[in-house]
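Remarks on the overall topology
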Amino acid sequence: MTDSVQPISVLLVEDDAGDELMTREAFEDNKIRNDLFVVRDGEEALDYLYRRGAHIDAVRPDLILLDLNLPKYDGRQVLERIKGDPELAAIPVVILTTSSAEEDIVRSYKLHANAYVTKPVDLTQFIRAVRQIDDFFVSVVRLPGR
């Protein structure tokens, strides 16, 4: 654990409004006030990361929470683009998805995901999982440029 815990910028790539709301609630209940930015599909995620269109002033995220099942570009395609770009590859990406399929897990790690978390269906468990991800990346892990 570090002595000086600083808020981080988190990009949530999530098309489900309910999952977004639960993620926001989990972040708001934590002691540290991280900045949570939300995009709703793979194309918007790439626009955010490359600061295009409506996201020209986007903050570079310290952490990305990425759903796999997205419209336009799916999470696998977004992950491949992030990890294939030297400017973005150092940003930790946590896959946060409903899929527990072995092929999705294996492929995500082959594409260099930093972690793979299957979304619990229970509200309390979902919030606990997001809090644990947040706690780990804020309190335990040393992120690039921090």
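Our subject is the structure listed above.
Presented here is an overview of the structure given in this document. Quantities reported herein were computed from a predicted structural model and do not represent experimental measurements.

Contact geometry for helix α2 (residues 42-49) and helix α3 (residues 75-84): axes closest at 9 Å, N-to-C directions at 20°. Viewed along their axes, α2 and α3 adopt a mutual orientation that is roughly parallel. Here the hand of the crossing between α2 and α3 comes out right-handed. Contact residues: α2 offers G42, A45, L46 and L49, while α3 offers V78, R81 and I82. Residue composition of the contact of α2 with α3, grouped by class: five nonpolar, one polar and one charged.

Throughout the structure, instances matching the rule amount to 10 salt bridges. We note a salt bridge from D74 to R76, for which the minimum N-O separation is 3.1 Å. Under the relative-accessibility criterion, D74 is labelled partly exposed at 21%. Judged by relative accessible area, R76 falls into the buried class, the value being 12%. Within the structure, one salt-bridge network assembled from shared partners comprises E14, D19, D67 and K119.

Reading the values: the criteria
- Residues numbered from 1 in each chain as written.
- Predicted model: local features only at pLDDT ≥ 70, side-chain atom pairs only at ≥ 80, totals over all residues.
- Heavy atoms only, no water.
- Axes fitted to C-alpha atoms, helices over the stretch in contact; angles between N-to-C directions.
- Helix = DSSP H or I, 4+ residues; strand = E, 2+ residues; numbered from the N terminus.
- Parallel < 35°, antiparallel > 145°, perpendicular 65-115°, else oblique.
- Left-handed = near helix turned anticlockwise from the far one by under 90°.
- Contact = heavy atoms within 4.5 Å.
- Nonpolar A, V, L, I, M, F, W, Y, C, P; charged D, E, K, R; others polar.
- Salt bridge = Lys/Arg side-chain N within 4 Å of Asp/Glu carboxyl O.
- Buried < 20%, exposed > 50% of the residue type's maximum accessible area, 1.4 Å probe, protein only.

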